[in-house]
Amino acid sequence: MLNINALALVCGFALFAWWIGTVLFKPKHNYPPGPKGLPIIGSLLAINNERPWVTYDQWARQYGDIVMYWVMGKPVLLLGKMEHAENLLQKRMMTYGDRPQLVMAQEYVTQNGWYIGTARAEHGTHKKHRKLLGQHLRKSALPDWAQPVELREVHLLLQRLGEQPQRFVNIIKCFTVNVMLNTTFAHGSVPTLDNPLVSRINAATDHQFVTQIMGRFWVDYMPFLDYLPAWLPGMGWKKQGLLWRDEVDTLYGELWDATKKRREAGDPRPCLVQKILETQMDEISELEGTTISAAVVDAGTETLTATTIILLIIFLYYPDVLRKAQRSVDEVVGRDRLPSFGDLGRIPYITAMVREAFRWRTVAPVAIPHAAVRDDVYAGYFIPKGTTVFALSQRIHEDEELYPNHEDFKPERFLDKDGQVNNLPHAGFGFRKCLGQHLAEETLFLVMASFVWAFDIRPPLDKEGRPIRPSLDPLDWGAFLASPPPMDFEAIITPRCEAAIKIINEAVEQDKASAS
Ligand code: HEM
């Protein structure tokens, strides 16, 4: 039997050798300013574990808008100004287009680092998968396969909200699962959140996200741990990772197969996987296909839920924004029909409102980290190959020079003098820019235009007649990879008129008739 003492000695020696190599003999360069940290572990213990952006914000105030800190000998760069994020992540995308090493996410939960959001250059598939997905997710491709599905789901959302307005949070969560499930697989809508498929999707997404949090697993900082056997104490993550992989592969394998079978049976319904099966199966394996589609469902579900709920919270605090949105929709759409994708571009206030929501409360306050594939020099500072780079999105979106009185919610920030919509680079940068940007923006446009067309929303009142509303304090919002809003609040949602409910019901019936 292997002697535990001998093994501990080997591990101790490996740790010491690694420390000598990476920390003690760190080459002397002009690195960006930042916290000094402790020997070996660097700034590991100084970072707010649940909300790293709180610590990052403090450091940016203390050291400036380019900060470097070290953890276990690895450099991490923080960019707190739009110009720095654009200069590095966008203009130098050839250097900063990679992701950091996340052993659990890249080698365990998905095979061969295929998961597109975390794939590294060395895995060799990111470029291919991005090109493949990009063909279907570009703006001009969406009317063909995504918009009809989204329109149907929005009609169902409105009907369910009209029937059970007090359950709005669950109804919205169910809606976004259905949008992603049906745009990706044409599976058919699940009516409620307690459906087992929804639980499986949520579990798979949560497990993917946990593994994408930098440093959640020690092996991300000390990759040599991956070479130790799984039976050693503290190595349970290896088994866990493989179980989670099995969960993802089984779930998305079943959904992929069902879409394929429908196609083979002569019932091809429009969806992303249908498009891939039609045109791209000579480029990828089936397992790559399931991993790509899993990534799409993961990336879209929670982000769309969070942004929709944020917009409802905004209406509770800014009733004038709700009124203005209702007026702008009524002017273009009238009261005799529901909004449609044909109205995209015709109601700039709604698009500007969605962009301002992305800015005002960013769902991913530090986005997803990039990594440098080679040494670089920026603003006189040396940035070593392998540096992990965070664009501090929330901080950037609160820059007073760009967004005066940033705490105020003002869609007008995104309207130019002719009333047309300006851009906000909210969707990331360069080779890692959000691939679902257009799908997300178009879905949110239709959801919000339809919601304000159909409903009023206001907060309940306490005994003294004061509104009861969810907290806006970012520390009361969610933590870890993203910062979702509170979901346990009440709101009073009422139809603007009875005729609206009749029109919604007719739209749902028409959708059913055209599907059969
Ligand atoms: C409100 C909704 C959404 C928000 C706020 C959002 C935000 C983001 C952000 C910040 C990134 C990282 C960009 C970077 O690293 O520079 C990202 C990446 C990504 N997003 Fe989204 N996203 C949303 C919806 C979606 C949807 C609906 C899809 C799929 C249809 C999607 C697919 C992706 C993919 C595949 C990546 C990884 C890109 C890569 O690493 O190459 N996202 N998203």
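Provided above is the structure to which this section pertains.
In this report, the structure presented in the accompanying data block is examined.

Basis of the calculations
- Sequence order sets the numbering: in each chain, residues are counted from 1 along the sequence as written.
- A pLDDT threshold of at least 70 governs which residues receive local features in this predicted model, and a stricter bar of 80 or more applies before side-chain atom pairs are shown or counted, although totals over entire chains, interfaces and linings include all residues.
- With hydrogens and water stripped out, all remaining heavy atoms of the structure feed into the side-chain values.
- Runs of H or I in DSSP of at least four residues are treated as helices and runs of E of at least two as strands, each being numbered from the N terminus.
- The quantity called the radius of gyration is restricted to C-alpha atoms. Its globule counterpart is 2.2 Å times the number of residues to the power 0.38.
- Each residue is assigned to one of three classes by its accessible area relative to the maximum for its type, calculated with a 1.4 Å probe on protein chains only: buried under 20%, partly exposed between the two thresholds, exposed over 50%.
- Think of it this way: Lys and Arg go in the positive column, Asp and Glu in the negative one, and His and the chain ends go nowhere.
- Charge placement uses NZ in Lys and CZ in Arg. For Asp and Glu, CG and CD serve respectively.
- Each metal site lists N, O and S donors within 2.8 Å (3.2 Å for Na, K and Ca). With water left out of the atoms, a site can look as if it is missing ligands.
- Residues grouped as a nonpolar core are buried Ala, Val, Leu, Ile, Met, Phe, Trp, Tyr and Cys residues, joined through side-chain atoms within 4.5 Å.
- In what follows, residue pairs with any heavy atoms lying within 4.5 Å of each other are defined as contacts.
- Any residue with a heavy atom positioned within 4 Å of a molecule or strand is treated as near that molecule or strand.
- A 3.5 Å cut-off defines polar contacts: any pair of N or O atoms within that distance qualifies, except that in protein one atom must be a possible hydrogen donor and the other a possible acceptor, and neighbouring residues in sequence count only when both atoms are side-chain atoms.
- Throughout, the ten residues Ala, Val, Leu, Ile, Met, Phe, Trp, Tyr, Cys and Pro are labelled nonpolar, Asp, Glu, Lys and Arg are labelled charged, and all others, Gly among them, are labelled polar.
- We treat two strands as partners when DSSP finds at least two bridges between them.
- Axis angles are defined between N-to-C directions and span 0 to 180 degrees, where every axis is a line fitted to C-alpha atoms and, for a helix, only to the segment in contact.
- Salt bridge criterion: a side-chain nitrogen from Lys or Arg within 4 Å of a carboxyl oxygen from Asp or Glu.

With that out of the way, let us pick up the overall build of the protein. The number of helices and strands found in the protein is 18 helices and eight strands. The C-alpha atoms of the protein give a radius of gyration of 24 Å, which matches the 24 Å a tight globule of 516 residues would have. By its C-alpha atoms, the protein is 75 × 55 × 45 Å across when sized along the principal axes. Classification of the 516 residues of the protein by burial places 53% in the buried group. Side chains of the protein carry 56 positive and 60 negative charges; the gap between the two charge centres is 3 Å.

Let us now look at the coordination of the iron atom of the ligand. Each donor-metal-donor angle would ideally measure 109.5 degrees in four-coordinate tetrahedral geometry, or 90 or 180 degrees in six-coordinate octahedral geometry. For the iron atom of the ligand, the protein supplies a single donor, C434 (SG), at a distance of 2.3 Å. You can see C434 is positioned in the loop between α16 (393-397) and α17 (437-454).

Our focus in this paragraph is the nonpolar core. Among the nonpolar cores identified, the biggest contains 98 residues, and Y252, F315, I350 and M353 are the most heavily contacted of them. I350 has contacts with A325, S328, V329, F445, M448, A449 and V452, leaving out every residue within four places of it along the chain. In this structure, W53, V71, V109 and L232 belong to the second largest nonpolar core, which totals 29 residues.

Here we come to the environment of G478. Relative to the assigned elements, G478 resides in the loop between β7 (455-458) and β8 (492-495). When the C-alpha positions of G478 and V219 are compared, they lie 25 Å apart, and in sequence the two are 259 residues distant. Contact partners of G478, with chain neighbours within four places excluded, come to R51, W53, S483 and P484.

Take the site of the ligand next. Near the ligand you find 26 residues, and of these R99, H126, R130, H370 and C434 are the closest. Interatomic distance of 2.7 Å between a side-chain N/O atom of H126 and an oxygen atom of the ligand. Within the contact set of the ligand, an oxygen atom lies 2.9 Å away from a backbone nitrogen or oxygen of F429. Elements with a contribution of two residues or more to the shell around the ligand: α6 (126-137), α13 (286-317) and α17. If one sorts the elements of the shell around the ligand by residue count, α13 sits on top with five residues. Its residues assigned to classes, the shell around the ligand shows 14 nonpolar, eight polar and four charged.

Spatial strand order, β1-β2-β6-β3: four strands in an open sheet with mixed pairing. With partners counted over all chains shown, the strands left at the sheet margins are β1 (66-71) and β3 (370-371), one partner each. Two strands pair when backbone bridges link them, and β3 and strand β6 (residues 388-391) are joined in this way by two bridges, in the antiparallel orientation. Following the sheet pairing, H370 is matched in β6 by V389. Packed on one face of the sheet, helix α2 (residues 52-63) meets β1, β2 (74-79) and β6 and runs near 125° to β1.

In this section: the environment of I172. Structurally, the position occupied by I172 is in helix α9 (residues 168-185). With a relative accessible area of 3%, I172 lands in the buried category. Setting aside chain neighbours within four positions, we find I172 in contact with L157, T305, T308, I309 and L312.

With that out of the way, let us pick up the pattern of salt bridges. In total, this model carries 28 salt bridges according to the counting rule given. With a closest N to O distance of 2.7 Å, D144 and K275 form a salt bridge. Here the residue D144 occupies a position in helix α7 (residues 142-145), and K275 occupies one in helix α12 (residues 272-279), the gap between them amounting to 131 residues. The exposure class assigned to D144 is partly exposed, which follows from its relative accessible area of 48%.

Here the focus is the side chain of T259. In this fold, T259 is placed in helix α11 (residues 236-264). Not counting residues within four places of it along the chain, the set of residues in contact with T259 comprises F185, C271, V273, Q274 and L277.

Right, let's talk about the pairing of β1 for a bit. In terms of residue burial, β1 counts as a mostly covered element, since six of its six residues are buried. Neither face of β1 is left uncovered, since the one carrying I66, M68 and W70 and the one carrying V67, Y69 and V71 both have all their residues buried. The turn linking β1 back onto β2 is made up of two residues, and M72 within it adopts a positive phi angle of 50°.

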